[in-house]
Amino acid sequence: MNSLHRAKENFLKYLEAMRGYSRHTIQSYNDSIDAMLTYAEISDEAGVISINLMPLRLKIAGLNAKSIALRLSAIRSFVKYLRSEGKTVELRNDESVKVPKSLPKPISHEHILHTLHYADPMAVLAITLLYTLGLRISELSNLRMADISEGWCRVRGKGEKERDIPMIGEISALVQTYQQTSPSKEYIFEALGEKLSENSLRYIIIKAFAKVGLKVTPHQLRHTYATELLNNGARIADVSELLGHASMATTQIYTKLGNALKMDHYRQSHPLCQAHEDSQ
């Protein structure tokens, strides 16, 4: 279908410009989507695009589980993009393949501080909040001024589940300083009176790191938050709660340690918090 081929090209451009994906990753997405377009059963009736992946699943059945999972993930991302563009898409037989999870690559504390030194105020605040609160980019976009109270930040995560995350005074002061120069009506990050979108925030963060020659995504900052806490003695149970994970099994990706630091150890676990305590 020509329309899907055109949509694929636009999707790949989006991954490069807005998500900051590498050429290698984009080529992998291209190959996965091409395989879907070649082998999957695709129909378009009454404005509904139906994609049955079973023929493709049979074709790639000989690959290892991780390779299959990566291809399915790329296809799901493409379908999500199509839906965001207003298309109605039905995806069938895209069930996940369980694979061993690998450790994410955290960003060094020094690299983050170096980036903050050269970033503009909005990027500084966005990066700092992701790094010190471990937020998802969607949670950062939805963060309201009313969510910040003395020493804590209330976050609404997946499924509208709320969690309270410790927030040191230095970070609260940074938010207040930003509001003095860029006042908002409701959300911390706004433009022309409207909430700043996830994509806009993602672009601002990626651009700030690119300015100093680094390729970093918002989600890597969340990984780094978890890794820093765990490497400094935090219990898996506490980090799982701080991240808003439904299960501690999800948090296991950050460490191979089996034991679970209470939440009040947060100040001693995070390097920015340590720096703040040492300065007093």
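These lines cover the structure that appears in this document, whether it is placed above or below. (Residues numbered from 1 in each chain as written. Predicted model: local features only at pLDDT ≥ 70, side-chain atom pairs only at ≥ 80, totals over all residues. Heavy atoms only, no water.)

Let us look at the side chain of H109. For H109, the position within the fold is in helix α5 (residues 109-118). Looking at H109, the relative accessible area reads 15%, which means it is buried. Within the structure, the side chain of H109 is placed 2.8 Å from the side chain of Y131, a separation counted as a polar contact. (Helix = DSSP H or I, 4+ residues; strand = E, 2+ residues; numbered from the N terminus. Buried < 20%, exposed > 50% of the residue type's maximum accessible area, 1.4 Å probe, protein only. Polar contact = N/O pair within 3.5 Å; in protein donor to acceptor, adjacent residues only side chain to side chain.)

So, about the environment of H223. Position of H223 among the secondary structure elements: in helix α10 (residues 218-231). With 117 residues separating them along the chain, H223 and P106 place their C-alpha atoms 5.9 Å apart.

The next thing to look at is the pairing of strand β3 (residues 88-92). Every second residue of β3 is oriented toward a common face, the buried set being V89 and L91 and the non-buried set T88, E90 and R92. Where strand β2 (residues 48-52) and β3 come together, 5 bridges link them in parallel fashion. Bridged to I49 within β3 is V89. (Pairing = 2+ DSSP bridges.)

Take the pattern of salt bridges next. All chains considered together, the criterion is met by 10 salt bridges. E9 is paired through a salt bridge with K8; the nearest N and O atoms lie 3.4 Å apart. (Salt bridge = Lys/Arg side-chain N within 4 Å of Asp/Glu carboxyl O.)

Two descriptors summarise a pair of aromatic rings, namely the distance from one centre to the other and the angle between the planes of the rings. Scanning the model with the defined rule gives 7 aromatic pairs in all. Look at F11 and Y29: their rings are 6.0 Å apart centre to centre, the planes differ by 55 degrees, and that puts the pair in the tilted class. You can see F11 sitting in helix α1 (residues 2-17) and its partner Y29 sitting in helix α2 (residues 23-39), a full 18 residues away along the chain. When the ring of Y21 is compared with that of Y29, the centres are 5.7 Å apart and the planes differ by 45 degrees; the resulting orientation is tilted. Here a set of aromatic residues connected by ring pairs shows up, and it is made of F11, Y14, Y21, Y29, F78 and Y81. Above the face of the Y187 ring, K195 is positioned so that its terminal group lies 5.3 Å from the ring centre. (Phe/Tyr/Trp six-rings, centres within 6.5 Å; stacked < 30°, edge-to-face > 60°. Lys NZ or Arg CZ within 6 Å of the ring centre and 35° of its normal.)

No statement about biological role is implied by the geometric values presented.
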